[in-house]
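# Report on the structure
Each chain, written out:
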Amino acid sequence: MYAASVPVFQRYLGQLAKMVDAGAAQGCDLQARLVPDMLPLGLQIDIATQFALRACAPLAGLEVPPFGQGSASFAELEARIRQAQAYLADLTPEQMAGAAQRPCTDQAGTATVALSGAEFLSQYALPNFFFHLTSAYALLRQQGVPLGKADFDGWHVY
C-alpha cells in the first residue's frame, strides 16, 4: 500500500508544485473557474494537496493532520504543497503494513465514505486526487499557462 500511495502522491505533488509556480509566474487568477458552479483554481490545488494527506494518513493508521483550506495566494499554495510533501516523506512502509484491509473513512461532500484501505486508495483517494489535479491543470491552461502532458506527468517528452 505504501508503494501504491506515497511515491505516487509525492511525484504528482511535485508536478503540481511546478504547475503552481508556472501559474504564479503568469499571474493567474486563483478564483478562475471553467463554469460558474465549479470550485476555483485555488481550491482545486488545495483539495488535490489535501487528498494526499486524506489518503495516506488513514492508510498509516493516523489521524489526518489539520490542513485548513482556502489559500489566498500562490505562495500559500506552494507552502502547503511543501508541507504535504514533508508529511509524506515522514511516512514509512511499516506504518502501512496491513493497510489494504484497514478500514478507512473520509467525508465526500456530505457523505461518509467507509472502505477497506485497498478500495479507499484505488477507488476513492487516487481518483479524487487526480480529478482535482487535472482540474487545476485545465484551469491553468485556460489562463494561458503553457503546460502540456509532460508538465502533468513528468514522463512524456515532446
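Higher on the page you've got the structure.
This text gives an overview of the structure that appears in the document. (Residues numbered from 1 in each chain as written. Predicted model: local features only at pLDDT ≥ 70, side-chain atom pairs only at ≥ 80, totals over all residues. Heavy atoms only, no water.)

### Regarding the state of the cysteines
Selection rule: By disulfide we mean two sulfur atoms from cysteines, separated by a distance within 2.5 Å.
One pass over the full model with this rule turns up 0 disulfides. Among the cysteines around Cys104, which has no disulfide bond, Cys56 carries the closest sulfur, lying 10 Å off.

### Remarks on the nonpolar core
Stated precisely, the cut-off is as follows: Put simply, buried Ala, Val, Leu, Ile, Met, Phe, Trp, Tyr and Cys residues joined by side-chain atoms within 4.5 Å make one nonpolar core. For each residue, the accessible area found with a 1.4 Å probe, counting protein chains only, is set against the maximum for its type, and the residue is called buried under 20%, exposed over 50%, and partly exposed in between. Secondary structure follows DSSP: runs of H or I at least 4 residues long count as helices, runs of E at least 2 residues long count as strands, and numbering of each begins at the N terminus. For this analysis, residues touch if any pair of their heavy atoms sits within 4.5 Å.
Within the largest apolar cluster, 47 residues are counted, with the highest numbers of intra-cluster contacts made by Phe9, Leu16 and Leu41. Looking at this core, the elements with two or more residues in it are α1 (2-26), α2 (41-59), α3 (74-89) and α4 (117-142). In terms of residue count, the dominant contributor to this core is α4 (11 residues). The residues contacting Leu41, other than those within four sequence positions of it, are Cys28, Asp29, Leu30, Ala32, Phe74, Ala136, Leu139, Leu140 and Gln143.

### Some details on the environment of Ala150
Looking at where Ala150 falls in the secondary structure, it is placed in helix α5 (residues 149-153). As for Ala150 and Gln15, which are separated by 135 residues in sequence, their C-alpha atoms are 9.4 Å apart. Beyond its immediate stretch of four places on either side in the chain, Ala150 contacts Gln15, Trp155, His156 and Tyr158.

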